[in-house]
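So the chains spell out like this:
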Amino acid sequence: MAGVVVSGAQVSYISQDCEEIPEFLGRKYGHMAKRLDLSFNLLRSLEGLKTFSYLEELILDNNLLGNDLLLPRLPHLHTLTLNKNQISLESLLDHLAEVVPSLQYLSLLGNMACPNELVCKEKDEDDYQRYRYFVLHKLTNLKFLDTRKVTRREREEAVVRGAFMKVVKPKDAKASSDAASTSPEMHYTPLPSGSRDLTNHRGILGKCRYIYYGKHSEGNRFIRDDQL
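Presented here is a report on the structure given in the accompanying data block.

### Focus: the pattern of salt bridges
Counted under the stated rule, the structure contains 7 salt bridges. A salt bridge links Glu125 to Arg148, with the nearest nitrogen and oxygen atoms 2.6 Å apart. Taken together, the residues Glu125 in helix H3 (residues 125–138) and Arg148 in strand S8 (residues 148–149) connect sequence positions 23 residues apart.

See the structure below:
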């Protein structure tokens, strides 16, 4: 078939602009493929993987896979790369823990799931390290995550505090603006008239909409030596 490259148990179907896995791939190679590379396509669904029950490596970089990603159960899969897709984190990790129990190598670079400078310049090494702890808490058998080997210290930290490393996204600006627009309007009034009487020195509490900038404050005058 055009576009298919086969080498032993390795099957590649790269840059074919397919939105789903062609049926003929599974029919012809599903029973023998141990490594499948579907990079640089337009995949939104992985339904066609059901016949690839012997897969050990699956490469899905540079596709359009999102949070509705569903893998069939692949008991032998130890390597999965999902770089540069459109995936967020927690639902994916729970799903992977269930369907790929032998997973040892996972790469999520270039997704919102992976907080590094590839997706956001505001992220730093601390953000990335918290992400690693959270992933290792969910997927305890991982030996490599993204481009780094999992260290013993990371594994220990993941056990102790990985569950608390989930990053919670704040409400977006539009939601905050909408909430503000629906909140009751606050009305501010000047101080009571009694507070404006110069001969009345009683303390009075109230709210005022005027702001005093201190331009006429005595503290702003220069004091000369002969005035001391």
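### Focus: the sheet that holds S8
If you walk across this open sheet you meet the 8 strands as S1-S2-S3-S4-S5-S6-S7-S8, and the pairing is mixed. The open sheet has two edge strands, strand S1 (4–7) and S8, and neither has a second partner. Bridging between strand S2 (residues 10–13) and strand S3 (residues 35–37) involves 3 bridges; their strand directions are parallel. Residue pairing in the sheet places Ser12 in a bridge with Asp37 of S3.

### Remarks on the pairing of S1
Here S1 runs beside S2; their pairing, made up of 4 bridges, is antiparallel. Its bridge partner lying in S2, Val6 is registered against Val11.

Cut-off values and rules
- Note on numbering: residues in each chain are counted from 1, in written sequence order.
- Two thresholds apply to this predicted model, a pLDDT of at least 70 for residue-level local features and 80 or more for giving and counting side-chain atom pairs, whereas whole-chain, interface and lining totals are computed over all residues.
- Side-chain numbers come from the whole structure's heavy atoms, not from hydrogens or water.
- The working definition used for a salt bridge is a side-chain nitrogen of Lys or Arg within 4 Å of a carboxyl oxygen of Asp or Glu.
- Strands are runs of DSSP state E lasting at least two residues, helices are runs of H or I lasting at least four, and both sets are numbered from the N terminus onward.
- Only strands joined by at least two bridges in the DSSP assignment are considered to pair.

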